[in-house]
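Here is how the chains run, residue by residue.
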Amino acid sequence: MTFSSTGPLRAIPAADPVLTWRGAVEVEHTADWSRGWRLPLSRLRLFPGERLQTQARAQAGIRIAVQTDTTTLAGRFVPVDESGADVAAVELVVDLVIDDVLFGSTVVAVDGSFAFEGLADGVKLAELWLPQTGDVRLVELAVDHSARVAVAPPSHRPRLVTYGSSITHAGGAESPARTWPALVARELEMDLTCLGFGGQCHLDPMIARLIRDLPAELIIACLGINIYGQGSFSRRSFLPAILGFVSTIRDGHPGVPILVMAPIFSPSREDQVGATGMTLAQMRAEVLEAVQILHDSGDPDVHPINGLDILGPAQAHHLPDGLHPDGPGNIHMATELTAIASAHLHQAAPGTEPVA
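Small disclaimer: the values here were computed from a predicted structure and weren't measured. (Residues numbered from 1 in each chain as written. Predicted model: local features only at pLDDT ≥ 70, side-chain atom pairs only at ≥ 80, totals over all residues. Heavy atoms only, no water.)

## Points about the overall build of the protein chain
Then, number 1: On a plain count of helices and strands, the protein chain comes out with nine helices and 17 strands.
Then, number 2: The C-alpha extent of the protein chain, read off along each of the three principal axes, is 65 × 45 × 40 Å.
Then, number 3: Out of the 356 residues belonging to the protein chain, those deemed buried represent 55%.
Then, number 4: Long-range pairs, those at least 24 residues apart, make up 76% of the contacts in the protein chain between residues at least 6 apart in sequence.
Then, number 5: Total accessible area on the protein chain stands at roughly 14500 Å², and carbon and sulfur atoms take up 53% of it.
Then, number 6: Each charge class in the protein chain was averaged separately, 24 positive and 40 negative side chains, and the resulting centres sit 5 Å apart. (Helix = DSSP H or I, 4+ residues; strand = E, 2+ residues; numbered from the N terminus. Buried < 20%, exposed > 50% of the residue type's maximum accessible area, 1.4 Å probe, protein only. Contact = heavy atoms within 4.5 Å. Areas by Shrake-Rupley, 256 points an atom, 1.4 Å probe, with all protein chains shown as cover. Lys, Arg positive; Asp, Glu negative; His and termini not counted. Charge placed at Lys NZ, Arg CZ, Asp CG, Glu CD.)

Here it is in structure tokens:
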């Protein structure tokens, strides 16, 4: 599908400054396409690991905002999978949120095109949520030929940053605006930056520094499952690594609630010793102990979350592979996390001095 200045739809190149990219750490523009990055592309060598860098160009939590009176919003991607091949067999889904309400979802066609029709008349804020998995590059959007478009007004909402594994990346969600981070952000009326990296949540010090420097009024970090599987820490080093990672984040966010979540339920891993030399249940206890140590050491704004309280044995049917939540599982997680996050946001005391 192509659009032109003479057809029923008018094309807007992805790099046009009328489009605001939200949820991206940095945006890459070329002559032919644009894509968001969830790590700073200009300093990518500071975040080593080919798989981490690949996951960072997935568009989880990234959306494009524009103010317009169009009744049709369409567009075209150059979709590729992680090997760089054309995606013909992978189903990519985009969501459209209008004035903070989910308008609908649509599957991206094999040629990369998609369209939403039947939008209400009048000026509205349109946010296009890009597919949360794969490597998709946006070529252009398109609106009614006579439609007005303007830069979206600046968002003054508080910012939510989430960090974690594929469970936070949320490839099992039904669509990009239905991941648990997206649902929590929308329910709390916050702007989301999602740093969920499938297979790559290993407490990297440079990611702690990145989160430290990002604007945030709430931070949710889900720690442990990738470390269990890949053995990036041991019994000796896991607890100190958590303490250092969270303390680095705290340096840039005095008084901001930091919710540290231990792993959710995973039936086969609970009592099975992983590459760390610990069972998942033991690692969960270590995460919760780390938070208690930080709290006892003078940080009242770091809070533990037992992952079993978010998705536990009673919700095992929402783990089709025994690990990753499905669509309803993401909704369940969002419901539980929203209630916890809301309580801590209301308790947060502005102007708290940083912990020494």
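## A short note on the sheet that holds strand β13 (residues 159-164)
Strand pairing within a sheet occurs via backbone hydrogen bonds; the two strands may be parallel or antiparallel.
Then, number 1: Ordered in space as β14-β13-β15-β16-β17, the five strands form an open sheet in which the pairing is parallel. Each end of this open sheet is capped by a strand with a single partner; those strands are β14 (191-196) and β17 (302-305). Neighbouring strand axes in the sheet, compared pairwise and without regard to direction, differ in orientation by 15° on average.
Then, number 2: For strand β15 (residues 218-222) and strand β16 (residues 258-261), the ladder comprises four bridges, and the chain directions are parallel. Of the residues in β16, the one forming a bridge with Cys222 is Met261.
Then, number 3: Relative to β13, helix α4 (residues 205-213) is tilted by about 170°, and along the sheet it contacts β13, β14 and β15.
Then, number 4: Sitting on the sheet, helix α9 (residues 327-347) is in contact with β15, β16 and β17, with an inclination near 145° to β16. (Pairing = 2+ DSSP bridges. Axes fitted to C-alpha atoms, helices over the stretch in contact; angles between N-to-C directions.)

## A look at the confidence of the model for the protein chain
As a note on interpretation, predicted positions should not be read in detail where pLDDT is low.
Then, number 1: When the pLDDT values of the protein chain are averaged, the result is 93; 92% of them are 70 or greater.
Then, number 2: With pLDDT under 50 throughout, residues 85-89 is counted as low confidence; its partners more than four residues away or in other chains account for eight contacts. (pLDDT = per-residue confidence, 0-100.)

## Details of the packing of aromatic side chains
Then, number 1: Using the criterion set out here, one finds four aromatic pairs in the structure.
Then, number 2: Here the aromatic rings of Phe103 and Phe116 are separated by 6.5 Å at their centres, their planes lie at 70°, and the arrangement is edge-to-face. With Phe103 in strand β8 (residues 101-107) and Phe116 in strand β9 (residues 113-117), the pair connects residues that are 13 residues apart, well separated along the chain.
Then, number 3: Residue classification places Phe103 among the partly exposed positions, given a relative accessible area of 37%.
Then, number 4: On the basis of an interplanar angle of 65° and a centroid distance of 6.4 Å, the ring pair of Phe114 and Phe116 is categorised as edge-to-face. An identical accessibility class is assigned to Phe114 and Phe116; each is buried.
Then, number 5: Among the aromatic residues, those joined into a cluster by ring pairs are Phe77, Phe103, Phe114 and Phe116.
Then, number 6: Positioned over the ring face of Trp33 is Arg137, at 4.8 Å from the centre of the ring. (Phe/Tyr/Trp six-rings, centres within 6.5 Å; stacked < 30°, edge-to-face > 60°. Lys NZ or Arg CZ within 6 Å of the ring centre and 35° of its normal.)

## A closer look at the packing of α4 against helix α6 (residues 238-252)
The description of two packed helices rests on the angle between their axes and on the distance between the axes.
Then, number 1: Direction vectors running N to C along α4 and α6 enclose 25°, while the axes themselves pass 7 Å from each other. Between α4 and α6, the interaxial angle falls into the category roughly parallel. In terms of crossing hand, the pair formed by α4 and α6 is right-handed. Across from Ile207, Ala208, Arg209, Ile211 and Arg212 in α4, the residues of α6 making contact are Phe245, Thr248, Ile249, Asp251 and Gly252.
Then, number 2: Grouping the amino acids of the contact of α4 with α6 by side-chain chemistry returns five nonpolar, two polar and three charged. (Parallel < 35°, antiparallel > 145°, perpendicular 65-115°, else oblique. Left-handed = near helix turned anticlockwise from the far one by under 90°. Nonpolar A, V, L, I, M, F, W, Y, C, P; charged D, E, K, R; others polar.)

## Details of the pattern of salt bridges
Then, number 1: In total, this model carries 14 salt bridges according to the counting rule given.
Then, number 2: The closest approach of N and O atoms between Glu127 and Arg22, which form a salt bridge, is 3.0 Å. Here the residue Glu127 occupies a position in strand β10 (residues 124-129), and Arg22 occupies one in strand β2 (residues 20-22), the gap between them amounting to 105 residues.
Then, number 3: Of the residues examined, Glu127 reaches a relative accessible area of 8% and is grouped as buried.
Then, number 4: On the accessibility criterion, Arg22 (12% relative accessible area) is buried.
Then, number 5: Between Asp191 and Arg63 there is a salt bridge whose closest N-O contact spans 3.6 Å. (Salt bridge = Lys/Arg side-chain N within 4 Å of Asp/Glu carboxyl O.)

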